[in-house]
Amino acid sequence: MKRRVAFLVALVVVGAVVVWIRLRGTTPSLSDADSSQVVEWSGATMGGTWSVKIPHAMADEEKLHKRVADELARLDSLLSLWHEDSEVSRFNRPKGVEWISVSKDLAEIVSVARQVSEETGGAFDITIAPLVNLWGFGPAQSGGRNGVVSAEAEIAAARARVGWRGVEARVSPPALRKARAEIAIDLGAIGKGYAADAVARILDSAGVKDYLIAIGGELRGHGHSASGAAWKVGVETPVADVQRVLLSVELKEQGISTSGDYRNFFEMGGVRYCHEIDPRTGWPIAAARGLAGVSVIHSSSVRADALATGFFVLGAEEGFKKAEEMGIAALFVTRGQGKFEMKMTKEFAGPVKR
Ligand code: AMP
Ligand code: MG
């Protein structure tokens, strides 16, 4: 009897802790805010949703809201492969190999992408587009090839078109140049991070000090939440269809980005593959490899986004080693015996608030 009561008490305590963690949780919690004073905008961009939270009332709110929404619509129209007439879609159509004038945004993204490619030994590679399409993860594709494995000849043909040195960027005046006419780029692993930085620039220039930005899964926190402390956000437990916080981190003028194998994946021959593809092999990353997700915290969201993808593709050992060498705040979550195991660089440990 006594043991049963103790068990029930333990159950209630665990339940209360879980609810408490969730309230502080992932989707940036404003549970302690006076909601009448909280500004919250949201909308759709880059195949997902965006939101901005500001914990106090402000003058000219509508004007600023419109500037942010317009900027995200503009970036979407430049960078998204979902629009056939976006700047990237147009760039991807086979053309010559001379310099092509592009927006400042596109030139900047490609130059950051090239830098991260170099840093990750080519694991991060925006010229991955032919392989993304081959494996069924492109726009207007449902994800996966209905269980059909690509033939080695198809993989080899797509791989021959991939290689990060195949697109050069010039920032001023902004232009791109392909090494071969058939090169195509996919900014799915870097565009949302760039957009988070762009929104932060607008809010900074308007003198807003406290805000939290979410572009899809990219989060960026500046200043304080309504509680008066730095924004606290959760890193999700890497499980499909469940939102559970693995641990919480504070963002101080920083972004956090997570790449993982638990949201966008498909099964082939009993093996689960995800939408990140290893340019070195031409194959999507298999869940069996054991690395479920990588989160990166960085003052630059565009770098956080690209590095999280690059480290994830490199894998638990090589990726972790690289993150340590580079001094990047990174968390690697692997599937252990019936539980998740976390390994973080020392730079990641500081922002963790359990
Ligand atoms: P993320 O969730 O930021 O890791 O981005 C994943 C998306 O990036 C995929 O859906 C692809 O569009 C693209 N992608 C896949 N593999 C790579 C890679 N090795 N380097 C860069 N982008 C990639
Ligand atoms: Mg990314």
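Residues numbered from 1 in each chain as written. Chains lettered and ligands numbered in written order. Predicted model: local features only at pLDDT ≥ 70, side-chain atom pairs only at ≥ 80, totals over all residues. Heavy atoms only, no water.

## A few points about empty space enclosed by the protein
1) Next: Counted by the stated rule, this structure contains one cavity of 30 Å³ or more.
2) Next: As a volume, the largest cavity reaches approximately 40 Å³.
3) Next: Taken together, V235, E236, P238, T258, Y262, G293, V294, S295 and V333 form the lining of the largest cavity.
4) Next: Within the residue set of the lining of the largest cavity, elements represented by two or more residues are β8 (231–236) and β14 (291–298).
5) Next: Among the elements that line the lining of the largest cavity, the one with the most residues is β14, at three residues. (1 Å grid on protein atoms, 1.4 Å probe; cavity = no way out; pocket = protein on both sides within 12 Å on 5 of 7 lines; lining within 4 Å. Points joined across faces, edges and corners; volume = space filled by probe spheres on them. Helix = DSSP H or I, 4+ residues; strand = E, 2+ residues; numbered from the N terminus.)

## Description of the site of ligand 1
1) Next: Contacts to ligand 1 come from 16 residues, most closely from D186, S259, E276, I277 and T309.
2) Next: One nitrogen or oxygen atom from the side chain of S259 is found 2.6 Å from an oxygen atom belonging to ligand 1.
3) Next: I277 is positioned with one of its backbone polar atoms (N or O) 2.8 Å from a nitrogen atom of ligand 1.
4) Next: Contributing elements (two or more residues each) for the shell around ligand 1: β12 (271–278) and α8 (301–314).
5) Next: When grouped by side-chain class, the residues that make up the shell around ligand 1 number eight nonpolar, four polar and four charged. (Near = heavy atom within 4 Å. Polar contact = N/O pair within 3.5 Å; in protein donor to acceptor, adjacent residues only side chain to side chain. Nonpolar A, V, L, I, M, F, W, Y, C, P; charged D, E, K, R; others polar.)

## Quick look at the nonpolar core
1) Next: With 62 residues, the main nonpolar core has I190, L203 and F311 as its most contacted residues.
2) Next: Per-element tally for this core: the top contributor is α8, with nine residues.
3) Next: Apart from residues lying up to four places away in sequence, F311 is in contact with L291, V294, V296, G319, K322, A323, M326, I328, A330 and F332.
4) Next: Counting 16 residues, the second-largest nonpolar core is a separate cluster that includes I256, L331, V333 and F348. (Core = buried A, V, L, I, M, F, W, Y, C linked by side-chain atoms within 4.5 Å. Buried < 20%, exposed > 50% of the residue type's maximum accessible area, 1.4 Å probe, protein only. Contact = heavy atoms within 4.5 Å.)

## Remarks on the pairing of β12
1) Next: Bridge count between strand β11 (residues 265–268) and β12: four bridges; the pairing is antiparallel. From the neighbouring strand, F266 faces β12, where its bridge partner is Y273.
2) Next: Between β11 and β12, which follow one another and run antiparallel, lie two residues, and G269 among them has a positive phi close to 50°.
3) Next: The antiparallel pairing of β12 with strand β13 (residues 283–286) creates a hairpin that spans four residues between the two strands, and G282 there sits at a positive phi of about 85°. (Pairing = 2+ DSSP bridges.)

## Focus: the sheet that holds strand β4 (residues 167–170)
1) Next: Taken in spatial order, the three strands line up as β3-β5-β4 in an open sheet, and their pairing is antiparallel. This sheet does not close on itself; its edge strands, each paired only once, are β3 (100–101) and β4.
2) Next: Relative to strand β5 (residues 175–178), β3 is paired through two bridges, and the arrangement is antiparallel. When the bridges of β5 are listed, I100 appears paired with L176.
3) Next: Sitting on the sheet, helix α4 (residues 104–119) touches β4 and β5, and the angle it makes with β4 is about 125°. (Axes fitted to C-alpha atoms, helices over the stretch in contact; angles between N-to-C directions.)

## Describing helix α9 (residues 316–326)
1) Next: If you check which residues of α9 are buried, you get G319, F320 and A323. Around the axis of α9, the buried residues are gathered within 95° of arc, so they sit on the same side. Facing away from the buried side of α9 by over 90 degrees, the exposed positions are E317, K321 and E325.
2) Next: Where the residues of α9 are buried, they touch α8, β15 (329–335) and β16 (340–344).
3) Next: Remark: G327 follows α9 within two positions and exhibits a positive phi of approximately 70°. (Arc of directions from axis to C-beta.)

## Topic: the coordination of the magnesium ion (ligand 2)
Tetrahedral coordination by four donors puts the ideal angle at the metal at 109.5 degrees, and octahedral coordination by six puts it at 90 or 180 degrees.
1) Next: Looking at the metal site, the magnesium ion (ligand 2) is ligated by A189 (O), D305 (O), D305 (OD) and T309 (OG1), spaced 2.1 to 2.5 Å from it.
2) Next: Between consecutive donor residues of the magnesium ion (ligand 2), the sequence gaps follow A-x115-D-x3-T. Separated by 116 residues along the polypeptide, A189 in the loop between β5 and α7 (191–205) and D305 in helix α8 bring together distant segments of the chain.
3) Next: Judged by its relative accessible area of 4%, D305 falls in the buried class. (Donors = N, O, S within 2.8 Å, 3.2 Å for Na, K, Ca; no water.)

## Describing the confidence of the model for the chain
1) Next: Scored by pLDDT, the chain has a mean of 87; 88% of the residues are at 70 or more.
2) Next: Within the model, pLDDT remains below 50 along residues 5–36, and this stretch shows 30 contacts once partners closer than five positions in the same chain are excluded. (pLDDT = per-residue confidence, 0-100.)

## Comments concerning the packing of aromatic side chains
1) Next: Throughout the structure, instances matching the rule amount to four aromatic pairs.
2) Next: When the centroid spacing of 6.3 Å and the interplanar angle of 35° are considered together, the rings of F311 and F332 count as tilted. Here F332 lies in strand β15 and F311 lies in helix α8, a separation of 21 residues in the sequence.
3) Next: Residue classification places F332 among the buried residues on the basis of a relative accessible area of 2%.
4) Next: Between F320 and F332, the ring centres sit 5.4 Å apart and the planes meet at 75°, which makes this aromatic pair edge-to-face. Separated by 12 residues along the polypeptide, F320 in helix α9 and F332 in strand β15 bring together distant segments of the chain.
5) Next: The exposure class assigned to F320 is buried, which follows from its relative accessible area of 6%. (Phe/Tyr/Trp six-rings, centres within 6.5 Å; stacked < 30°, edge-to-face > 60°.)

## Concerning the environment of A206
1) Next: Mapped onto the fold, A206 is located in the loop between α7 and β6 (211–215).
2) Next: Residues A206 and L64, 142 residues apart in the sequence, show an inter-C-alpha distance of 7.8 Å.
3) Next: Discounting chain neighbours no more than four positions away, the residues touching A206 are L64 and R67.

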